[in-house]
Amino acid sequence: MMWVSCENSLTVVREITAEDTLSAVRATNIEYLRSDSGQVYMRMMAPLMLRFAGDDQKVEFPEGFEAIFFDSIGRPSSRIRANYGLNLEKDQWMLARGDVEVENYQTGELLQTAQLIWNQRDKTIRTGAPVKISSADKNLFGDSLTASDDLSHRILFNIRGTLEMEDDEDVR
């Protein structure tokens, strides 16, 4: 005869089943549309979404995500994709990590980095990781970045790169 038993302390059981450690919602192959007054301004797709309840509500995308943002007339204006995402709803910031790409369709610029933090309240993005910003006429590299979330105002630290410039006879 063989007896097998398992024992967990009450503290361990409470930690495992605590509301902030178990996802309240688990969804696969999601497509999420966000709108205001009937106008869609964001479309998000992800293979897996975990929503956590409790004091620190958060949404996690452990297998990556892609979000497309639309302008006031419904045209795609920008997109972001990454291998991992974490959105802290109360703090209004999002972490994107792993092959992060931010593309601005109006300017044709593509930002690539390993990690990015988006402060939704301030409408800013930042990273301490190396970045590359490319477009048809330039490739810029930096050791880190602070920018507006539409990339219209940005600071690249330790910037280097190549720019194509037109000849101008007035410039000497």
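Residues numbered from 1 in each chain as written. Predicted model: local features only at pLDDT ≥ 70, side-chain atom pairs only at ≥ 80, totals over all residues. Heavy atoms only, no water.

The helix and strand inventory of the protein chain stands at one helix and 14 strands. Counting across all 172 residues of the protein chain, residues that qualify as buried make up 34%. Relative to all contacts within the protein chain whose residues are 6 or more apart in sequence, the contacts with residues 24 or more apart total 32%. Accessible surface computed for the protein chain: about 11,700 Å², of which carbon and sulfur atoms make up 49%. (Helix = DSSP H or I, 4+ residues; strand = E, 2+ residues; numbered from the N terminus. Buried < 20%, exposed > 50% of the residue type's maximum accessible area, 1.4 Å probe, protein only. Contact = heavy atoms within 4.5 Å. Areas by Shrake-Rupley, 256 points an atom, 1.4 Å probe, with all protein chains shown as cover.)

Among the structural elements, Lys138 can be located in strand E11 (residues 138-142). With relative accessibility at 18%, the residue Lys138 sits in the buried group. Within the structure, Lys138 has its side chain in polar contact with the side chain of Glu109 (distance 3.1 Å). (Polar contact = N/O pair within 3.5 Å; in protein donor to acceptor, adjacent residues only side chain to side chain.)

Right, let's get into the nonpolar core. Nonpolar side chains tend toward joint burial in soluble globular proteins. Residues Met44, Phe61, Phe65, Ile80, Val102 and Leu145 are the most contacted members of the largest nonpolar core, which totals 26 residues. Looking at this core, the elements that each hand over two or more residues are strand E2 (39-52), strand E3 (58-61), strand E4 (65-70), strand E5 (76-82), strand E7 (93-104), strand E8 (109-119), strand E10 (131-135) and strand E12 (144-148). If we skip the residues at most four places from it in the chain, Phe65 touches Met44, Met45, Ala46, Ile80, Arg81, Ala82, Tyr84, Gly85, Met94 and Ala96. Among the nonpolar cores identified, the runner-up in size contains five residues, and Tyr84, Leu86, Leu95 and Ile117 belong to it. (Core = buried A, V, L, I, M, F, W, Y, C linked by side-chain atoms within 4.5 Å.)

Attention now moves to unusual backbone geometry. Its identity as a non-glycine residue notwithstanding, Ser37 has a phi of 55°, on the positive side. Tracing the sequence through the fold places Ser37 in the loop between strand E1 (23-36) and E2. With a relative accessible area of 77%, Ser37 lands in the exposed category. Residues other than glycine seldom take positive phi values, yet Gln92 does so here, at roughly 55°. The residue Gln92 is located in the loop between strand E6 (84-88) and E7 in this model.

Summed over all chains, the structure comprises nine salt bridges. Salt-bridge contacts for Arg43 lead to Glu31; the nearest nitrogen and oxygen are separated by 2.9 Å. On the criterion of sequence distance, the pair formed by Arg43 in strand E2 and Glu31 in strand E1 is long-range, its members being twelve residues apart. Arg43 gets classed as partly exposed once you look at its relative accessible area, which sits at 27%. Glu109 serves as the salt-bridge partner of Arg154, at 2.9 Å between the closest nitrogen and oxygen. Taken together, the positions of Arg154 in strand E13 (residues 154-157) and Glu109 in strand E8 put the pair 45 residues apart, joining distant regions of the chain. Linked by salt bridges that have partners in common, Glu66, Arg79, Glu101 and Glu103 make up one network. (Salt bridge = Lys/Arg side-chain N within 4 Å of Asp/Glu carboxyl O.)

Turning to the packing of aromatic side chains, a few remarks are in order. Per the stated rule, a full pass over the model turns up two aromatic pairs. The interplanar angle of 45° and the centroid separation of 5.7 Å between the aromatic rings of Phe61 and Phe65 together place this pair among those described as tilted. Considering the side-chain rings of Phe69 and Trp118, the 5.8 Å spacing of their centres and the 85° angle between planes classify their relative orientation as edge-to-face. With Phe69 in strand E4 and Trp118 in strand E8, the pair connects residues that are 49 residues apart, well separated along the chain. With a relative accessible area of 18%, Phe69 lands in the buried category. (Phe/Tyr/Trp six-rings, centres within 6.5 Å; stacked < 30°, edge-to-face > 60°.)

Below, the discussion takes up the confidence of the model for the protein chain. Per-chain confidence: the protein chain averages 84 in pLDDT, with 81% of residues scoring 70 or above. For residues 1-6, every residue scores under 50 in pLDDT, and the model assigns this stretch zero contacts once sequence neighbours within four places are set aside. In the model, residues 12-17 has pLDDT below 50 throughout and makes five contacts with residues more than four positions away in sequence or in other chains. (pLDDT = per-residue confidence, 0-100.)

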